Amino acid sequence: MEKTNVMRVLDSKKIKYESHEYEPDATMSGEEIAGILGENPEKVFKTLVTQAKSGQYYVFVIPVNAELDLKKAAKAAGEKAVSMIKQKELLPLTGYVHGGCSPVGMKKRFPTFIHQTAKEYEKMYVSAGKVGYQVELSPSDLEKVVGSQYADLA
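Read on for an overview of the structure. What you see as residue numbers is a count from 1 along each chain, following the sequence as written. Side-chain atom pairs in this predicted model are given and counted only at pLDDT of 80 or more, local residue features only at pLDDT of at least 70, and totals for whole chains, interfaces and linings cover all residues. Side-chain measures here rest on the full set of heavy atoms in the structure, leaving out hydrogens and waters.

1. Overview of the overall build of the protein chain
Just so we agree on the cut-off: To qualify as a helix, a DSSP run of H or I must reach at least 4 residues; to qualify as a strand, a run of E must reach at least 2; elements of each kind are numbered from the N terminus. Using a 1.4 Å probe on the protein chains alone, a residue whose accessible area is under 20% of its type maximum counts as buried, one over 50% counts as exposed, and one in between counts as partly exposed. Here a residue-residue contact requires only that any non-hydrogen atoms of the pair lie within 4.5 Å. Per-residue and other accessible areas were derived by the Shrake-Rupley procedure at a 1.4 Å probe size, with only the shown protein chains allowed to occlude residues. We treat Lys and Arg as the positive residues and Asp and Glu as the negative residues; His and chain ends play no part in the count. By convention, the charge on Lys lies at NZ, on Arg at CZ, on Asp at CG and on Glu at CD.
Regarding its fold elements, the protein chain presents five helices and eight strands. Taken from the N to the C terminus, the helices and strands of the protein chain come in the order α-β-α-β-β-α-β-α-β-β-β-α-β. Each principal axis of the C-alpha distribution contributes one length, and for the protein chain these read about 40 × 35 × 30 Å. When each of the 154 residues of the protein chain is scored for burial, the buried share is 46%. Of the contacts formed within the protein chain by residues at least 6 apart in sequence, a portion of 61% connects residues at least 24 apart. Of the roughly 8100 Å² of accessible surface on the protein chain, a fraction of 48% belongs to carbon and sulfur atoms. In the protein chain, 21 side chains carry a positive charge and 20 a negative one; their mean positions are 10 Å apart.

Structure (structure tokens):
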């Protein structure tokens, strides 16, 4: 398996993780990916990037079977409102493509919030920064790497 930027960042910070690879399909849902990994979809997280009216960008990490509640997300970020960025803005802003966006190793560090249910698990999955790759790590290690906070987001 090739090393992704996410894996290199985790290695450099001496964070323990397990990498998983699967055959990507553009039509795959997060729940289908969880199935391939043999995991509960509540332990597999997606990374969503938003922008507030203030112009500030925020990253939200939520279970693949949940939907980001934009009101709760704005409240967590201390903003009046946040909205999802356009798909074409994702790569230039983060360095990641849709379906391969990870909270780890973005071009720039943005305030990051992880859905509070992650704390209930010993391990969670996030994208390894490339479609078809996931990393499994502890929520507390992810928190250390991205400097995140927990919040009710879904």
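2. Brief notes about the environment of V9
Considering the arrangement of structural elements, one finds V9 in helix α1 (residues 5–12). Considered as a pair, V9 and V104 are 95 residues apart in the sequence and their alpha carbons are 7.4 Å apart. Excluding residues within four positions of it along the chain, V9 makes contact with V104, G105 and V145.

3. Focus: a negative patch on the surface
Basically, it comes down to this: Like charges are joined within 9 Å and nonpolar side chains (Val, Leu, Ile, Met, Phe, Trp, Tyr) within 5 Å, but only among residues with over 30% relative accessible area and no salt bridge; these make up the patches. When a carboxyl oxygen of Asp or Glu is within 4 Å of a side-chain nitrogen of Lys or Arg, the pair counts as a salt bridge.
A cluster of acidic side chains, namely E21, E23, D25, E31 and E32, defines a negative patch on the protein surface. Mapped onto the elements of the fold, E21 is located in strand β1 (residues 18–21). On the accessibility criterion, E21 (47% relative accessible area) is partly exposed.

4. Topic: the nonpolar core
Inclusion rule: Buried Ala, Val, Leu, Ile, Met, Phe, Trp, Tyr and Cys residues form a nonpolar core when they are joined through side-chain atoms within 4.5 Å.
Counting 28 residues, the largest nonpolar core has L10, V49, M124, V126, V135 and L142 as the members making the most contacts within it. Listing elements by their share of this core, those giving two or more residues are α1, β2 (45–52), β3 (57–63), α4 (87–94), β6 (124–127), β7 (133–137) and α5 (139–146). What V126 contacts, discounting residues up to four positions off in sequence, is F45, V61, S102, P103, Q134, V135, L137 and L142.

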